[in-house]
Each structure stands twice: as structure tokens, then as C-alpha cells.
Amino acid sequence: METSQALTALSALGHASRLAAFRSLVQAGPDGLSVGDLRERLALAPATLSAHLNVLRASGLVQDTREGRVIRVRADFARMNALLAYLTDNCCGGTAACTPPACLPCAHETSDEDHAR
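Residues numbered from 1 in each chain as written. Predicted model: local features only at pLDDT ≥ 70, side-chain atom pairs only at ≥ 80, totals over all residues. Heavy atoms only, no water.

S.K.: Explain the side chain of Ser-34 to me, please; I cannot follow it from the model alone.
M.R.: Assignment of secondary structure puts Ser-34 in strand S1 (residues 33-34). Residue Ser-34 is classed as buried on the basis of its relative accessible area of 10%. At 3.0 Å, the side chain of Ser-34 forms a polar contact with the backbone nitrogen of Asp-37. Those residues within four positions of Ser-34 in sequence are excluded, and the remaining contacts are Val-70, Ile-71 and Arg-72. (Helix = DSSP H or I, 4+ residues; strand = E, 2+ residues; numbered from the N terminus. Buried < 20%, exposed > 50% of the residue type's maximum accessible area, 1.4 Å probe, protein only. Polar contact = N/O pair within 3.5 Å; in protein donor to acceptor, adjacent residues only side chain to side chain. Contact = heavy atoms within 4.5 Å.)

This is how it looks when you write it as C-alpha cells:
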């Protein structure tokens, strides 16, 4: 990922509503959410959500597809992982000990420790 792409993605995530939308889409996994479901989760006006989704689309962090009358929005996990890789490039001098694993949609499992939190 180029620096300009990272800046665009970070800028897109630099707003509370856009960050909440992106996190909801990451949590939803590869199926994503309909725009209506996302709007309900975030309690945003349709025009406001549309504006925020336009910024996230322009940054490449989300994609959408039309399914009949419904627009489904999905996080772009490859783009998210590229951003994470950019941010952690050369972490601890590039040693593998501190390199965070990539997030794959629905590939993460919760441990007993996670349930205790």
C-alpha cells in the first residue's frame, strides 16, 4: 500500500460514524450488511449514512453490490489487511515476533479468555 492510499483510508476512518460503520461491516464478515440494516445499527439518517459510505467506498475500505432492490455493503478485508500491514511494516525491526496476523473474514475464533471479557 502506498502512503497516499494509507492516508486516504485513515482519513476515512477518522470520523466516529465511519469508524463505527466499518467496524460493523468487519464484524458482519464476508456477507456484509444491507444499507438498511447498517443504518438501523448506527441510528443514522439515510443521507448521512450515504455520505459516510461514499467516503469509505472512495478509500477502498468497503464495496457494495446491488441485490435486487437491496444494496449490500461489505468490508474489503484485503484492503484492511493491506492497511494493517502498512501500519505495522518494520514493527520491532521487522521480526516475526510482533507481526500481527491478518484478519480473514470469519476466520477468527473466540477463546475462553475472550468470553471472560
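S.K.: Where do I start with the packing of helix H1 (residues 3-12) against helix H5 (residues 77-88) in this structure?
M.R.: Pairs of packed helices are described in terms of their axes, by the angle between the two and the distance that separates them. Where H1 meets H5, the axes come as close as 10 Å, and the angle between the chain directions of the two elements is 110 degrees. Relative to H5, H1 is oriented roughly perpendicular. Relative to H5, the crossing made by H1 is left-handed. Packed against H1, whose contacting residues are Thr-3, Gln-5, Ala-6, Ala-9 and Leu-10, the element H5 presents Arg-79, Leu-83, Tyr-86 and Leu-87 at the interface. Here the contact of H1 with H5 is composed, by residue class, of six nonpolar, two polar and one charged. (Axes fitted to C-alpha atoms, helices over the stretch in contact; angles between N-to-C directions. Parallel < 35°, antiparallel > 145°, perpendicular 65-115°, else oblique. Left-handed = near helix turned anticlockwise from the far one by under 90°. Nonpolar A, V, L, I, M, F, W, Y, C, P; charged D, E, K, R; others polar.)

S.K.: Could you clarify how one ought to interpret a nonpolar patch on the surface in this entry?
M.R.: Taken together, the side chains of Met-1, Leu-10, Leu-84, Tyr-86 and Leu-87 make up a nonpolar region of the molecular surface, amounting to roughly 400 Å² of accessible area. By the secondary structure assignment, Leu-10 is in helix H1. A relative accessible area of 37% places Leu-10 in the partly exposed class. (Patch = residues over 30% accessible without salt bridge, like charges linked within 9 Å, V, L, I, M, F, W, Y side chains within 5 Å. Areas by Shrake-Rupley, 256 points an atom, 1.4 Å probe, with all protein chains shown as cover. Salt bridge = Lys/Arg side-chain N within 4 Å of Asp/Glu carboxyl O.)

S.K.: Quick question: what am I supposed to make of the environment of Gln-27 here?
M.R.: Take Gln-27: it is sitting in helix H2 (residues 16-28). Measuring from C-alpha to C-alpha, the distance between Gln-27 and Ala-75 comes to 9.0 Å, with 48 residues separating the pair along the chain.

S.K.: Help me out: how do you make sense of the side chain of Ser-59 in this one?
M.R.: Tracing the backbone shows Ser-59 in helix H4 (residues 46-59). In contact with Ser-59, not counting residues within four places along its chain, are Thr-8, Ala-9, Ala-12 and Arg-79.

S.K.: Can you help me understand the nonpolar core in this one?
M.R.: Among the nonpolar cores identified, the biggest contains 22 residues, and Phe-22, Leu-25, Leu-38, Leu-56 and Leu-61 are the most heavily contacted of them. Sorting the residues of this core by element identifies H1, H2, helix H3 (35-42), H4, strand S3 (70-75) and H5 as the ones contributing at least two each. Residue contributions to this core peak at four residues, all from H2. With residues up to four places along the chain from it excluded, the contact list for Leu-56 reads Ala-12, Leu-13, Arg-18, Ala-21, Phe-22, Leu-61 and Val-62. (Core = buried A, V, L, I, M, F, W, Y, C linked by side-chain atoms within 4.5 Å.)

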